[in-house]
Amino acid sequence: MKLLTAVVVSLLIVGGAAYAFRDRLAEVWTIGNPFTSGATGTAGPEGTATGAPLPRPMAETVDPRGEVNLDLRRQQLIGVRTAPVERSPASRTVRTVGVVRYDETRLADVNLKIGGWIRDLYVDYTGKAVRQGDPLFSIYSPDLLATMQEYLLALKTRDQMQASQVADAREYADRLVEAARRRIELWDLPADQMRALEESRQPQTNVTFRSPVTGYVIEKQVLKGMHVEPGQTLYRIADLSTVWLEADVYEQEMSVVRVGQAATVTLDAYPDDRVNGRVVYIYPFVEENTRTVKVRFQLPNRAGRLRPGMYANVALEAPLGMSTTIPANALLDSGSRQLVFVAEGGGYFRPRDVRVGQRLGERVQILDGLNEGEQVALGATFFLDSESQLRAAVQAFEPARGAAAPSDAGERLDITFRSQPDPPRMGDNTLEVSVRDASGQPVPDADVSVTFFMAAMPTMNMPAMRSEAKLPPAGGGVYRGAGQVMMAGRWDVTVTVTRGEQRLGSEQFSLVAK
């Protein structure tokens, strides 16, 4: 029971402090503010609210803001500062992570165009480094052996026909030699093996095949003594002097990524090293699950330290050219609207909508709405925004200059308003309205409603609040009833008097609930 009592007391204290803070905030903004002083009603000696009309409550979908005026003392008190709008070369750094991959243009598949049996295996494990021209294996191939014998026979025939007096015979012998040689070449017999065959004039039962590239064996499918078929993959060799890095870039950052851009890459294995690469390809689709686009970078790897499968951190510098920028904390972004407060001198700050470009760390790129050299407010911008919305709400209620008082009856009513207690408290209060015509006579049998309105404060995550009470007649032009005030603070009050479908008149007042 004691614990429950302590919890309840704590909640009451916190709630009271919140209401006191709101009330104090309203008073601070009222003191010395030319937009609030003289624009609201004041309580008379008997609690009757009188004074200049106040604004009409606006629809909650409207998000207007008005000009704000703060003297130097108040600017210093709430921490308002200004900064110039700058125009200078700007760049954005896109950071992401990626994985090192093989350069697909530097992969080689080693296979044969003939069938046979592996005799000797010189590269006998995966991962072995080979250089172009190094022996890989030797093979015995009956088909290749038969073609060699045909070639040697053609050579012998050509030699014999050299002394012939028949030109067609010599030409035919030459064509036989060329055809047999061509068949051997199409089977990719190494050039040194071809020369040895021509010099020795003896067929070779074992033919050695060599590596076509320099690199590392990343796949081995051959064993000593194994029978191989034409087209069968025996080795895959990767040249790692250059590698790829594939990284995921969020789609909202793709507008600054271009093929050819330079990038700096670091790896967890070598945190002190920096590798310079460049963008060589951007994939033409978005990964739906991650909302990213794969970007391929090419990296030099002469030392062989970059190994496929490694994770790497990428920093991509994206120059934006000459850009107009402001400090990031000068921008108010509600999601659907972006604005800043422009300092116009003399303590005046005017809200202005802007079009935002890239976010550049502590600064923001502005595409439209500001000019170089203008001063924008930063610091307590959420206070400026709250005061700006309040000022716009007040202005919306003010009748046009020179316009007649609103009355469909063609005569002005004298409407007074008071509450009990005075000032009203949070919760239920007794509201009383007195209505008299221009001659001072009570207006009976009317419909009287009282509307309480408090403007929204988005920067403080507070929506607009509104409540309405209908007051029954109490006789003698007086209407009295209960009305609810939802929280402490400053409220705009509108009293509306109607009779049936006819609107007789209305009046606006301001009060601060405790």
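Residues numbered from 1 in each chain as written. Predicted model: local features only at pLDDT ≥ 70, side-chain atom pairs only at ≥ 80, totals over all residues. Heavy atoms only, no water.

A. Structural context of the packing of helix α3 (residues 142-160) against helix α4 (residues 167-186). Closest axis-to-axis distance for the α3/α4 pair is 8 Å, and the angle between their directions is 155 degrees. With respect to α4, the axis of α3 lies roughly antiparallel. Read as a crossing pair, α3 and α4 show a hand that is left-handed. Across from T147, M148, E150, Y151, A154, L155, T157 and R158 in α3, the residues of α4 making contact are A173, D174, L176, V177, A180, R181, R183 and I184. Within the contact of α3 with α4, the residues separate by chemical class into 9 nonpolar, 2 polar and 5 charged. (Axes fitted to C-alpha atoms, helices over the stretch in contact; angles between N-to-C directions. Helix = DSSP H or I, 4+ residues; strand = E, 2+ residues; numbered from the N terminus. Parallel < 35°, antiparallel > 145°, perpendicular 65-115°, else oblique. Left-handed = near helix turned anticlockwise from the far one by under 90°. Contact = heavy atoms within 4.5 Å. Nonpolar A, V, L, I, M, F, W, Y, C, P; charged D, E, K, R; others polar.)

B. Quick peek at the packing of α3 against helix α5 (residues 191-200). Between α3 and α5, the shortest axis-to-axis distance is 10 Å and the interhelical angle comes to 45 degrees. Between α3 and α5, the angle is such that the two are oblique. For the pair α3 and α5, the crossing hand works out as right-handed. Residues M148, Y151 and L152 of α3 pack against M194, L197 and E198 of α5. Its residues assigned to classes, the contact of α3 with α5 comprises 5 nonpolar, no polar and 1 charged.

C. Examining the sheet that holds strand β31 (residues 489-499) more closely. Here we have 4 strands laid out as an open sheet, ordered β28-β27-β31-β32, and antiparallel in their pairing. Each end of this open sheet is capped by a strand with a single partner; those strands are β28 (465-471) and β32 (502-513). Ignoring which end each strand starts from, the neighbouring axes of this sheet average 20 degrees apart. As judged from the 7 bridges shared by strand β27 (residues 447-454) and β28, these two strands associate in the antiparallel manner. Bridge pairing in β28 places F452 opposite S467. (Pairing = 2+ DSSP bridges.)

D. Representation of the confidence of the model for the protein chain in the model. For the protein chain, the average pLDDT comes to 80, and 82% of its residues sit at 70 or higher. Segment residues 1-62 is flagged for pLDDT under 50; beyond a separation of four residues in sequence, or across chains, it makes 102 contacts in the model. Confidence over residues 398-410 falls short of pLDDT 50; this stretch has 18 contacts with residues more than four positions distant or in other chains. (pLDDT = per-residue confidence, 0-100.)

E. The arrangement of α5 in detail. Taken together, the buried positions of α5 are Q193, M194 and L197. Across the axial projection of α5, the buried residues extend over an arc of 105 degrees, all falling on one side. Along α5, the residues that are exposed and aim more than 90 degrees away from the buried face are A191 and E199. Those residues of α5 that are buried are in contact with α3, α4 and β10 (207-210). With its phi angle positive at about 55 degrees, R201 sits one or two positions after the end of α5. (Buried < 20%, exposed > 50% of the residue type's maximum accessible area, 1.4 Å probe, protein only. Arc of directions from axis to C-beta.)

F. Spatial organisation of the pairing of β32. Here β32 lies mainly inside the structure; 9 of its 12 residues are buried. Where β31 meets β32, 11 bridges bridge the pair, whose relative direction is antiparallel. Following the sheet pairing, G489 is matched in β32 by A513. Taken together, β31 and the strand that follows it, β32, pair antiparallel across an intervening segment of 2 residues, in which G500 is found at a positive phi of about 65 degrees.

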